[in-house]
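Results of the structural survey
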Amino acid sequence: MADQTSAPVHDTSTEKPREGIALCLSGGGYRAMMFHAGCLWRLNEAGMLAKLNHVSSVSGGSIIAGVLGMNWKELNPKPGVPSSGFQDLLIAPIRMIASVTIDEGAILGGVFLPGSISDHVSEHYDKLLFQGKTLQDLPDDLAAGLIAPSFVINATNVQSGVLMRFSRLDIRDYRVGQIKNPMLPLAKAVAASSAFPPILSPCEIDVAKYGLRFEPSDGTEDLHIPPYTEKLVLSDGGVYDNLGLETAWKQYDTILASDGGGHYKPEPSPHHDWARHAVRILDLIESQVRALRTRDLIALFNMNVRNGAYWGIRQDIGVYSGRSALPCPLQRTTELAQYPTRLQKMIDEIQERLINWGYAVCDAAMRSHYDTTLTQPAAFPYPRSGV
């Protein structure tokens, strides 16, 4: 991989990673969700979905990861072969929810109706996408004849200060413990993962309400006590790990990272009131944390400690030295990167431009740094929209 940064790496894992491919899907609201849809479109087209061993997601990335996971059995991808049901089972539902504003209604519901803002977000997710599915509806990679990755949906535990991980096998926080084989609604896990502050956070989960119980994992948990084991107070997974890398780079030797995190606009006259000023400061902090995670990952690639590829919504596709087969003017892609981090209705043109951009930059990164034998695509998924 080309040397994109000389930043030091801070990977503290001591175990040698296992062979396997982990896909990481970042946060960024509907913007990131649609960008990742384009990336997954290209991976499916290349027959790569069945080669994945692990999918780790945060925030907007968790919305599409949840849909991908619950539909995996029907998608039934095979190595080297695109899934014929990809557009119906993944793209169609994702485009449908992107056509609905969720955050405004959830905020009003949280103010005027019973339940929190996050509860109302979860209800929208369940009604529009998940329809009662639970974490147990994510794929079982042990099922006979099913090639499936493990799916991990990440949230930030505000109480313990570390990741709370949701998967089919367990809900886990290394300081609190684990809940084995949880029957938690998939919509609730995704709502926790996408509870971005300050408006949609926190997401609270009453453990007993869902018939769940924490157990020690290895006996080293220092917070395996009430109230940590009784009521979870969670925020967006991107608060702790905005690329979803934590569960991936310590376990697998190949990392594919899709970064749909936006690019904040310069503000010549920033707001001085506490609410809007706080939002601006949070954006700046998030941007710097994301940059450090990205530099660490690129450093792992450059040092040959990990294999794989990184691509981001804020990149100039020109860095891929002629590997870009599709026209992606920087001015146009920068406009997409500056699209607000919201769960707000997105017009068809923006949806299609974001899908096209994710598709194109994923393709360029994959053919530059992972598999140079991949065939160049002839056109965007939505040729008339471009980027």
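A brief look at the structure comes next.

Procedures and definitions
- Residues numbered from 1 in each chain as written.
- Predicted model: local features only at pLDDT ≥ 70, side-chain atom pairs only at ≥ 80, totals over all residues.
- Heavy atoms only, no water.
- Helix = DSSP H or I, 4+ residues; strand = E, 2+ residues; numbered from the N terminus.
- Buried < 20%, exposed > 50% of the residue type's maximum accessible area, 1.4 Å probe, protein only.
- Contact = heavy atoms within 4.5 Å.
- Areas by Shrake-Rupley, 256 points an atom, 1.4 Å probe, with all protein chains shown as cover.
- Axes fitted to C-alpha atoms, helices over the stretch in contact; angles between N-to-C directions.
- Parallel < 35°, antiparallel > 145°, perpendicular 65-115°, else oblique.
- Left-handed = near helix turned anticlockwise from the far one by under 90°.
- Nonpolar A, V, L, I, M, F, W, Y, C, P; charged D, E, K, R; others polar.
- Core = buried A, V, L, I, M, F, W, Y, C linked by side-chain atoms within 4.5 Å.
- Phe/Tyr/Trp six-rings, centres within 6.5 Å; stacked < 30°, edge-to-face > 60°.
- Lys NZ or Arg CZ within 6 Å of the ring centre and 35° of its normal.
- Pairing = 2+ DSSP bridges.

Across its full length, the chain carries 11 helices and 10 strands. Within the chain, buried positions represent 55% of all 387 residues. Sequence separation of at least 24 residues holds for 78% of the intrachain contacts in the chain that already meet a minimum separation of 6. About 16,600 Å² of surface is accessible on the chain, with carbon and sulfur atoms providing 53% of the total.

The contact between helix H2 (residues 60-70) and helix H6 (residues 117-130) brings their axes to 12 Å, and the two run at 40°. Between H2 and H6, the interaxial angle falls into the category oblique. In this structure, the crossing between H2 and H6 has a hand that is right-handed. Two secondary-structure elements touch here, H2 through Ile63, Gly66, Val67 and Met70 and H6 through Tyr125, Leu129 and Phe130. Its residues assigned to classes, the contact of H2 with H6 comprises 6 nonpolar, 1 polar and no charged.

Tyr125, Phe166 and Trp311 are the most contacted members of the largest nonpolar core, which totals 97 residues. Here this core gets 11 residues from one element, more than from any other, and that element is helix H11 (residues 348-369). Discounting chain neighbours no more than four positions away, the residues touching Trp311 are Phe35, Cys39, Leu256, Ala257, Ser258, Asp259, Tyr320, Val361, Cys362, Ala365 and Met366. In terms of nonpolar packing, the next biggest core, distinct from the first, is built from 14 residues, Cys24, Ile255, Leu300 and Phe301 among them.

Going through the model one piece at a time under the given rule, you end up with 3 aromatic pairs. Relative to Phe86, the ring of Trp41 has its centre 6.2 Å away and its plane inclined at 65°; by these criteria the two rings are edge-to-face. Note that Trp41 is positioned in helix H1 (residues 29-45) and Phe86 in helix H4 (residues 86-97), a separation of 45 residues in sequence. Accessibility classification places Trp41 together with Phe86 in one group, the buried group. Grouped by ring-pair contacts, the aromatic residues Trp41, Phe86 and Tyr382 constitute a single cluster. Above the ring of Tyr252, the side-chain terminus of Arg18 is found at 4.9 Å from the ring centroid. Just above the ring of Tyr382 sits the side chain of Arg95; from NZ or CZ to the centre is 5.1 Å.

Okay, the pairing of strand E10 (residues 307-312) next. Buried residues dominate E10, accounting for 5 of its 6 residues. Two strands pair when backbone bridges link them, and strand E9 (residues 252-259) and E10 are joined in this way by 6 bridges, in the parallel orientation. Each residue of the ladder has a partner; that of Leu256, found in E10, is Ala309.

As a further point, take the packing of H2 against helix H7 (residues 186-193). Running from amino to carboxyl end, H2 crosses H7 at an angle of 155°, the nearest separation of the two axes being 9 Å. The angle between the axes of H2 and H7 places the two elements in the roughly antiparallel class. Relative to H7, the crossing made by H2 is right-handed. Packed against H2, whose contacting residues are Ser62, Ile63, Gly66 and Met70, the element H7 presents Leu186, Val190 and Ser193 at the interface.

It is worth spelling out the side chain of Ser59 at this point. On the secondary structure map, Ser59 appears in the loop between strand E2 (54-58) and H2. Beyond its immediate stretch of four places on either side in the chain, Ser59 contacts Gly27, Gly28, Gly29, Ser193, Ser194, Phe196 and Asp236.

Note that all results are geometric; they support no functional claim without further evidence.
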